[in-house]
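This is what each chain is made of:
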Amino acid sequence: MAMDVKQIGTLVEEKSQFVRKLLSELDKAIVGQRYMLERMIIGLLANGHILLEGVPGLAKTRSITALAAAIDAQFRRIQFTPDLLPADLIGTQIYRQSDGEFYTRKGPIFANIILADEINRAPAKVQSALLEAMQERQVTIGDETFALPKPFLVMATQNPIEQEGTYPLPEAQLDRFMLKVKIEYPEKVQERQILDMMAVTQKPLNIDAVITPEEIASVRAVVDEIYIDEKIKDYIVDIVCATRDPKSYGLDLDRLISFGASPRATIYLAVAAKAHAFMQQRAYVTPQDVKSIGLDVLRHRVIVSYEAEAEDKTSEDIVQTIFDQIEVP
């Protein structure tokens, strides 16, 4: 029998205590960037991969490293380069001459948190090898399939300003990321704090673990129980359907959209909204939870047309218009 909202509320209040401690630990290593840190925790709670996009030097890599330390997780950083091979990622079979047998050497993908640094620098073969790991949470080496550890989370970074030597991620792979988070420059006050904190030749990460991977599984079970009203479910479906058929919602956006969001967007919007409500210590989802997380879920799923590009309209502009126009329950 399902729990009522009051029972869920008690559980949420109890289980969400670690969020404040986690953010406090991350603040030891990162100045500002609260938006990025909260989205990373939402990805962790919602079991969704995250793509962080921003110019170099905005603490993307440092934030992911700090998060892995704070949850006492097995962590691997993989620097993606044009000469990377799938075997460098998932592992390979090696022939042992002494007994004439093949044995499997597992790659760095076998960890709880994978930092795929500059993911758009790797060629298509490597990206497709990562695709199975992200979607199925397993990898195939030779004729054997291996399950990946739990939790398993890919946090990828990409640089938006360099095009030379990069391979833009195909839409099918972008769709596997629950959230695409755009990182902005820090404010002037934060920039000064960064200078005070980081302008030394050595700055180790002194992060204490506040939760274990096993405990995260029990937290996710509580996130799953968070209540979503039928009207909010309809609201989520309306938002996603409006990206595919804006005309039926009275929106003049047809000419600006080549492809709308996939059903994954509907699922991820609901799950991420639950995680956002959990972060706010609430046992139920509000329309504001959907709006708060909506841009991160949809910005990489709405493909704009040439006409939109000619008018300098981005997918973010289109998604924002949809949120502004669709009636809130």
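Above this text is the structure in question.
Notes on the structure follow. (Residues numbered from 1 in each chain as written. Predicted model: local features only at pLDDT ≥ 70, side-chain atom pairs only at ≥ 80, totals over all residues. Heavy atoms only, no water.)

Further remarks concern the overall build of the chain. Each helix and strand counted, the chain has 14 helices and eleven strands in total. For 329 residues, the compact-globule formula gives about 20 Å, and the C-alpha radius of gyration of the chain, at 21 Å, lands near that figure. Its C-alpha atoms give the chain principal-axis dimensions of roughly 70 × 50 × 50 Å. A total of 329 residues make up the chain; the buried ones form 47% of that total. Taking as baseline every contact in the chain between residues at least 6 positions apart, the subset at least 24 positions apart corresponds to 78%. Accessible area of the chain: about 16400 Å², with a carbon and sulfur share of 49%. Seen as two clouds, the 37 positive and the 48 negative side-chain charges of the chain have centres 4 Å apart. (Helix = DSSP H or I, 4+ residues; strand = E, 2+ residues; numbered from the N terminus. Rg over C-alpha atoms; globule rule 2.2 N^0.38 Å. Buried < 20%, exposed > 50% of the residue type's maximum accessible area, 1.4 Å probe, protein only. Contact = heavy atoms within 4.5 Å. Areas by Shrake-Rupley, 256 points an atom, 1.4 Å probe, with all protein chains shown as cover. Lys, Arg positive; Asp, Glu negative; His and termini not counted. Charge placed at Lys NZ, Arg CZ, Asp CG, Glu CD.)

Right, let's talk about the nonpolar core for a bit. Ranked by internal contacts, the top residues of the largest apolar core, which has 79 residues, are Met40, Leu45, Ile71, Leu269, Phe278 and Val290. Counting residues per element, this core draws most heavily on helix H11 (residues 263-279), which supplies ten residues. Non-local contacts of Leu45, meaning those with residues more than four positions away in its chain, are made with Phe18, Val219, Arg220, Val223, Ala275, Phe278 and Met279. Core analysis: the next-biggest nonpolar cluster, separate from the first, contains 28 residues, Phe110, Ala133, Ala156 and Leu174 among them. (Core = buried A, V, L, I, M, F, W, Y, C linked by side-chain atoms within 4.5 Å.)

Between Lys150 and the following residue, Pro151, the backbone shows a cis peptide bond with an omega angle of -10°. Relative to the elements of secondary structure, Pro151 occurs in the loop between strand S7 (144-147) and strand S8 (153-158). The phi angle at Asp72 is positive, at roughly 55°, despite the residue not being glycine. Counting through the fold element by element, Asp72 comes out in the loop between helix H4 (60-70) and strand S2 (75-79). Residues other than glycine seldom take positive phi values, yet Asp312 does so here, at roughly 60°. Tracing the sequence through the fold places Asp312 in the loop between helix H13 (306-310) and helix H14 (315-325). You can call Asp312 exposed: its relative accessible area is 66%.

With that settled, consider the side chain of His276. Tracing the backbone shows His276 in helix H11. Aside from chain neighbours lying at most four places away, what touches His276 is Ile42, Asp289 and Ser292.

Turning our attention to a nonpolar patch on the surface. Taken together, the side chains of Val5, Tyr227 and Tyr284 make up a nonpolar region of the molecular surface, amounting to roughly 260 Å² of accessible area. According to the relative accessible area criterion, Val5 is partly exposed, its value standing at 35%. (Patch = residues over 30% accessible without salt bridge, like charges linked within 9 Å, V, L, I, M, F, W, Y side chains within 5 Å. Salt bridge = Lys/Arg side-chain N within 4 Å of Asp/Glu carboxyl O.)

Another point: the packing of helix H9 (residues 213-225) against H11. For any two helices packed against each other, the geometry comes down to the angle between their axes and how far apart the axes lie. It is at 9 Å that the axes of H9 and H11 come closest, and there the two elements cross at 105°. Between H9 and H11, the angle is such that the two are roughly perpendicular. Together, Val219, Val222, Val223 and Asp224 of H9 and Lys274, Ala275 and Phe278 of H11 make up the contact between the two elements. By residue class, the composition of the contact of H9 with H11 is five nonpolar, no polar and two charged. (Axes fitted to C-alpha atoms, helices over the stretch in contact; angles between N-to-C directions. Parallel < 35°, antiparallel > 145°, perpendicular 65-115°, else oblique. Nonpolar A, V, L, I, M, F, W, Y, C, P; charged D, E, K, R; others polar.)

Within the secondary structure, Pro108 sits in the loop between strand S4 (101-106) and strand S5 (113-117). Spatially, the C-alpha atoms of Pro108 and Ile78 are 7.4 Å apart, while their sequence positions differ by 30 residues. Not counting chain neighbours up to four residues away, the residues in contact with Pro108 comprise Arg76, Ile78, Asp88, Leu89 and Ile114.

Most of S5 sits inside the fold, with five of its five residues counted as buried. Side chains of S5 alternate between two faces, with Ile113, Leu115 and Asp117 and Ile114 and Ala116 buried alike. Strand direction decides the pairing type here: S2 and S5, joined by five bridges, are parallel. Bridge pairing in S5 places Gln79 opposite Asp117. (Pairing = 2+ DSSP bridges.)

Attention now moves to the sheet that holds S2. Sheet architecture is open: five strands sit in the order S2-S5-S8-S1-S9, paired in parallel fashion. In the strand order of this sheet, the two ends are held by S2 and strand S9 (177-182), each with one partner. Direction aside, the axes of adjacent strands within the sheet are offset by 15° on average.

Applying the stated criterion across every chain, the model contains 18 salt bridges. Lys182 is paired through a salt bridge with Glu53; the nearest N and O atoms lie 3.9 Å apart. Taken together, the residues span a long stretch of sequence, with Lys182 in strand S9 and Glu53 in strand S1 (residues 49-53) at a distance of 129 residues. Overall, Lys182 belongs to the partly exposed group, its relative accessible area being 32%. The salt bridge partner of Glu118 is Arg121, with a shortest N-O separation of 3.3 Å. A residue is classified by how much of its surface remains accessible, and Glu118, at 23% relative accessible area, is partly exposed.

Inspection of the entire model under this criterion finds two aromatic pairs. Arranged with centres 5.2 Å apart and planes meeting at 55°, the rings of Tyr95 and Phe102 form a pair that is tilted. By relative accessible area, which is 46% here, Tyr95 ends up partly exposed. Their ring planes at 85° and their centres at 6.3 Å tell us that Phe110 and Phe146 sit as a pair that is edge-to-face. You can see Phe110 sitting in the loop between S4 and S5 and its partner Phe146 sitting in strand S7, a full 36 residues away along the chain. Taking relative accessible area as the criterion, Phe146 reaches 14% and is therefore assigned buried. (Phe/Tyr/Trp six-rings, centres within 6.5 Å; stacked < 30°, edge-to-face > 60°.)

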